[in-house]
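Residue strings, one per chain:
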Amino acid sequence: MRHATAMVIVSAGAMVVEIVAVRMLAPLVGMTVFSWTAVIATVLAGLSVGHWIGGMVADRERPELPRRLFQMLAATAALSVTPVVLVEPAYAAAEAAGLGWMPATVAVAGVCFALPSLLAGAVTPVLTAAAVAEAPARTGAVIGRMFALGAGGAILGTALAGFVLLQWVGSIGSLVVVAVAEALTAALYLRGLRRPVAGVLVVAAVLAGSGLPLLAAPYCRVESRYYCLDEVDTAAWAGFPSRGMFMDGWIQSVEPRDGSGRLAIEAHAFLDAWARHTHAPDSAWSAFFIGGGGYSLPMRWVGRWPAVQATVAEIDPAVTVFARDIGFLRPSERIRIRDDDARAVLRRDPARYDLVFSDAFSGHTMPAHLVTAEFHRLVRDRLEPDGVYAINAYDWARDPQFLAALVRTLGEVFPHVVVWNSGSGPMRPRGRAPYIVLASPAPIDPAPVTEPGGDRRTWTAVGALPGVANAVVLTDDYAPVDRLTLR
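Residues numbered from 1 in each chain as written. Predicted model: local features only at pLDDT ≥ 70, side-chain atom pairs only at ≥ 80, totals over all residues. Heavy atoms only, no water.

Asker: I would appreciate a short explanation of the packing of aromatic side chains in the present structure.
Answerer: Each aromatic ring pair is characterised by the separation of its centres together with the angle its planes make. Counted according to the given criterion, the structure contains eleven aromatic pairs. Seen from their ring centres, tryptophan 285 and tryptophan 301 are 5.1 Å apart, and the 55° between their planes marks the pair as tilted. With tryptophan 285 in the loop between helix 10 (266-278) and strand 5 (286-290) and tryptophan 301 in helix 11 (residues 296-304), the pair connects residues that are 16 residues apart, well separated along the chain. Exposure remark for tryptophan 285: the relative accessible area of 3% places this residue in the buried category. In this structure tryptophan 301 comes out as buried when scored by relative accessible area, which is 1%. Measuring from centroid to centroid gives 6.3 Å for phenylalanine 289 and phenylalanine 357, while their planes differ by 80°, and the two rings are edge-to-face. Taken together, the residues phenylalanine 289 in strand 5 and phenylalanine 357 in strand 8 (residues 353-358) connect sequence positions 68 residues apart. Take phenylalanine 289: its relative accessible area is 3%, and that puts it in the buried class. What makes phenylalanine 357 buried here is its relative accessible area of 2%. (Phe/Tyr/Trp six-rings, centres within 6.5 Å; stacked < 30°, edge-to-face > 60°. Helix = DSSP H or I, 4+ residues; strand = E, 2+ residues; numbered from the N terminus. Buried < 20%, exposed > 50% of the residue type's maximum accessible area, 1.4 Å probe, protein only.)

Written out as structure tokens, the structure reads:
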């Protein structure tokens, strides 16, 4: 029974560590197909090497299997929480070494999560060998049962991580739970030790050490189903006294502390200036926001235009709650919030809008299903005849391949597409720049747009964007956003 219990717990713990790994890397490298791939490959590699090593240990140490199991389970428990202290230094070292985004992601995943996975993998063949040794006449049945328990444990760990642990105790707490469970599992093998008292001390030490990460600073202020949320001082980033909403390594919204109403984020400032130029103070118009973030534009627009109506599709309710908690979002009857994916909201609701603004850029990339030709057609069908579809996008200042693909795809749906850039916005690491794309069934005035107030940024329409003619058309079947963006 103890071997079966240990198999379930170790297998479950390995899956919890895998899912937590992606969650812990997200504020540093974003949550993308590439980050998931790097983590899954790292964990599987660790488990595979561990299985190989564990098989050799099982053959060599048959008379000592209970003692070896105790040692291996205790070591697995002790290492389960090490990513808490390794992930940020590992990422800092990768950046200092000048590694690109993908090598850095793989390196950080390997440094932080390969060894815990290896130890978890090494335990399972030893557990199977111990179970077979206790029932040598039923080798096939025992092996089958242990494999089934391992798979069942993996399913249990996946469900616990996604549905329970990350939601209630966060990333650090999830790893602590795994470490505690594995340490208690090691205690099942105390009676196989020559010195059980020493074993008890080891288990006690591992349990005590497992709790130490809980004393560290919180990994993020709020850890939701989708994001790591925090409030940060953005004075240095924005160039004026301000605070910002921080989501998975990306500043999503900035609010000034001096009451000026200035907008630091390029797309927000551009669209605010464009709306002032386009809509008269007494005009009635409507806007649909794909992504709520800190609700900077909806709040400003319902305050500036008495008849404006704003609908916001924010897939993560925790983002809206957090925006309220930090004072970015205040009650307004003219801001309708939908806690759902924007594509689902637009598909169900036939309402038409004067403006649809896609502000779903998060981390380092965009959700692929929100940049495809099929989605753009849905947006077009929800626009007024002279309505405008605006997209906030970041890409490389040189050879912006994603931007080229986005423009070409929009051109398949809209007769008029214009890209805007100020040339003075904050550049992202290694030369990434902000762009704002406007698409419409009606002609778009390409005249420069100047920000009111003291900052006076001016955005000009980009001429012929290189690479558009040969760029990939993004579809629901094929939208390699991560490949085009993360280079």
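Asker: When you look at the nonpolar core in this model, what are you seeing that I'm missing?
Answerer: Across soluble globular proteins, nonpolar side chains have a tendency to be buried as a group. In terms of nonpolar packing, the biggest core is built from 65 residues, with Val108 and Leu127 touching the most fellow members. Of all the secondary structure elements, the ones that give two or more residues to this core are helix 1 (2-29), helix 2 (33-60), helix 3 (65-80), helix 4 (83-96), helix 5 (101-134), helix 6 (139-168) and helix 7 (170-186). Beyond its immediate chain neighbours, meaning those up to four positions away, valine 108 contacts Leu25, Val87, Ala90, Tyr91 and Ala94. Core analysis: the second largest hydrophobic core is formed by 43 residues, Phe414, Tyr435, Val437 and Leu465 among them. (Core = buried A, V, L, I, M, F, W, Y, C linked by side-chain atoms within 4.5 Å. Contact = heavy atoms within 4.5 Å.)

Asker: What is the right way to read the pattern of salt bridges from this model?
Answerer: Opposite charge on two side chains allows them to pair when their charged atoms are near. Enumeration according to the criterion identifies 16 salt bridges in this entry. For arginine 23, the salt bridge identified is with glutamate 223, shortest N-O distance 3.7 Å. In this pair, arginine 23 sits in helix 1 while glutamate 223 sits in strand 1 (residues 222-223), placing the two residues 200 residues apart along the sequence. A single burial state applies to arginine 23 and to glutamate 223, both of which are buried. One salt bridge connects glutamate 231 with arginine 243, and the closest N-O pair in it is separated by 2.7 Å. Pair noted here: glutamate 231 is in strand 2 (residues 228-233) and arginine 243 is in strand 3 (residues 242-247), with a separation of twelve residues, a long-range link. Bridged by salt links that share partners, the residues Arg23, Glu223 and Asp248 form one connected network. (Salt bridge = Lys/Arg side-chain N within 4 Å of Asp/Glu carboxyl O.)

Asker: How should I be thinking about the sheet that holds strand 10 (residues 416-421) in this particular structure?
Answerer: Backbone-to-backbone hydrogen bonds pair the strands of a sheet. The strands run either parallel or antiparallel. The strand order across the open sheet formed by nine strands is 7-6-5-8-9-11-10-13-12, and the pairing between neighbours is mixed. Whereas interior strands pair on both sides, the edge strands pair on one side only; in this sheet they are strand 7 (335-338) and strand 12 (449-450). One ladder, built from eight bridges, connects strand 9 (residues 383-396) with strand 11 (residues 432-440); its direction is antiparallel. Paired with isoleucine 391 across the two strands is valine 437, which belongs to strand 11. Against the sheet, helix 14 (residues 373-381) engages strand 5, strand 8 and strand 9, with an angle of about 145° to strand 9. (Pairing = 2+ DSSP bridges. Axes fitted to C-alpha atoms, helices over the stretch in contact; angles between N-to-C directions.)

Asker: Even after reading the chapter, I still don't get a nonpolar patch on the surface, so can you show me in this structure?
Answerer: Judged by side-chain polarity, Leu156, Leu160, Phe163, Val164, Trp168, Val169 and Val177 come together as a nonpolar surface patch covering roughly 720 Å² of accessible area. Top element by residues in the nonpolar patch is helix 6. It accounts for five residues. Mapping valine 177 onto the fold places it in helix 7. (Patch = residues over 30% accessible without salt bridge, like charges linked within 9 Å, V, L, I, M, F, W, Y side chains within 5 Å. Areas by Shrake-Rupley, 256 points an atom, 1.4 Å probe, with all protein chains shown as cover.)

Asker: What is the right way to read the environment of alanine 120 from this model?
Answerer: Topologically, alanine 120 is positioned in helix 5. Note on alanine 120: relative accessible area 5%, which makes it buried. Beyond its immediate sequence surroundings of up to four residues, alanine 120 is in contact with Val10, Ala14, Leu47 and Thr76.

Asker: What am I meant to see in the sheet that holds strand 3 here?
Answerer: The sheet built from four strands is open, its strands ordered 1-2-3-4 with antiparallel pairing. In this open sheet, the two edge strands, each paired with only one partner strand, are strand 1 and strand 4 (250-256). Judged from the five bridges that link them, strand 2 and strand 3 form a sheet pairing that is antiparallel. Bridge pairing in strand 3 links aspartate 233 to arginine 243.

Asker: Just to check I follow, could you spell out the packing of helix 3 against helix 7 for this structure?
Answerer: When two helices pack together, their arrangement is given by the angle between the helix axes and by the axis-to-axis distance. It is at 8 Å that the axes of helix 3 and helix 7 come closest, and there the two elements cross at 165°. In terms of orientation, helix 3 and helix 7 fall into the roughly antiparallel class. Between helix 3 and helix 7 lies a crossing whose hand is left-handed. Residues Phe70, Leu73, Ala74, Thr76, Ala77 and Ser80 of helix 3 lie in contact with helix 7, whose contacting residues are Leu175, Val178, Ala179, Glu182, Ala183, Thr185 and Ala186. (Parallel < 35°, antiparallel > 145°, perpendicular 65-115°, else oblique. Left-handed = near helix turned anticlockwise from the far one by under 90°.)

Asker: It is not clear to me how the packing of helix 7 against helix 8 (residues 196-211) should be interpreted in this structure. Could you clarify?
Answerer: Following both chains from N to C, one finds helix 7 and helix 8 inclined at 175°, their axes separated by 9 Å at the closest point. The orientation of helix 7 with respect to helix 8, classified from their angle, is roughly antiparallel. Here Val176, Ala179, Val180, Ala183 and Leu184 of helix 7 lie close against helix 8, whose contacting residues are Val203, Val206, Leu207 and Ser210. Residue composition of the contact of helix 7 with helix 8, grouped by class: eight nonpolar, one polar and no charged. (Nonpolar A, V, L, I, M, F, W, Y, C, P; charged D, E, K, R; others polar.)

Asker: Before we go on, may I ask you to explain unusual backbone geometry in this structure?
Answerer: A negative phi angle is the norm for most residues apart from glycine, just as the trans form is the norm for most peptide bonds. In this structure, tyrosine 295 is a non-glycine residue whose phi angle is positive, near 60°. Relative to the elements of secondary structure, tyrosine 295 occurs in the loop between strand 5 and helix 11.

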